[in-house]
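Spelled out, the chains give:
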Amino acid sequence: MKRIILSIAAAMMAAISYNAQAQSLTDLLKGTKVGNVVDAVTTAVGVATNTVSLPGTWIYKGAAVDLQSGNTLSSLAGTAVSSGVETKINNAFEKVGIKEGAVKFVFNDGMSFTCTIFGKTLNGTWKHNAEENKLTLQFGQTMKYLSMTGYTKATATGMEVLFDANRFLSFLKTVMSVVGKSSTTVSAISGISNSYDGMRLGYKLEKQ
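Presented here is a report on the structure given in the accompanying data block. (Residues numbered from 1 in each chain as written. Predicted model: local features only at pLDDT ≥ 70, side-chain atom pairs only at ≥ 80, totals over all residues. Heavy atoms only, no water.)

Looking at the secondary structure, you find Met-143 in the loop between strand E5 (134–139) and strand E6 (147–154). The class for Met-143 is buried, based on a relative accessible area of 2%. Spatially, the C-alpha atom of Met-143 lies 9.5 Å from that of Ser-177, the residues being 34 residues apart in sequence. (Helix = DSSP H or I, 4+ residues; strand = E, 2+ residues; numbered from the N terminus. Buried < 20%, exposed > 50% of the residue type's maximum accessible area, 1.4 Å probe, protein only.)

And the structure:
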């Protein structure tokens, strides 16, 4: 009789434990779209999500590349191609002085920013849509009021800011014109980017 009572008690405890776990998972996923389930779970266990806090000083660590082309056969293949393209672009950038630590962004709480590149400081305003990870940079008169809209992506060491490749290269040409540098390197990079549909280019940045 005692064995029967103990078996019933154990079964009841297991059921209570199962219901508690199921309820906890239900509460976590309640009102959550399928595409956001991973974000919800990683946030719950304390793993960093793609949210980027922009205000502060950010230092350039290298070129960032993202291939959006549907021709990529797999994520592994896409990563390998992106890595190869990044190496080529980093080599081209370094020839004209765009190397680690040579570019700096300072994003102020008042929505203004400065960008130091080729030893020249450029001013403007910024707007960041954290939900869409969309960043808009509006430069001032020195850069002919050029406006750029790209995307931020959190990384283990900081963030990447990526723009449409043609738009980013247009920005570099304008900067080089302002500081009196040749844009032949930009033309070389343009040749690389033309080989990939939907290519995005930008910066790998680390917060100081």
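All right, on to unusual backbone geometry then. Located in the positive-phi region is Asn-133, a residue other than glycine, with phi close to 55°. Summarising the element assignment, Asn-133 is placed in the loop between strand E4 (120–129) and E5. By relative accessible area, Asn-133 is classed as buried at 17%. Within the chain, Tyr-145 stands out as a residue other than glycine whose phi angle is a positive 55°.

With that settled, consider the nonpolar core. Grouped together as the largest cluster of nonpolar side chains are 45 residues, with contacts concentrated most on Ile-89, Phe-105, Phe-107, Phe-139 and Phe-171. The element that contributes the greatest number of residues to this core is helix H4 (residues 165–179), accounting for seven residues. Dropping the residues within four chain positions of it, Phe-107 is found in contact with Leu-54, Pro-55, Gly-56, Trp-58, Ser-112, Phe-113, Trp-126, Leu-135, Leu-137 and Met-159. (Core = buried A, V, L, I, M, F, W, Y, C linked by side-chain atoms within 4.5 Å. Contact = heavy atoms within 4.5 Å.)

Everything listed here is a matter of coordinates, which is why it stays silent on function.
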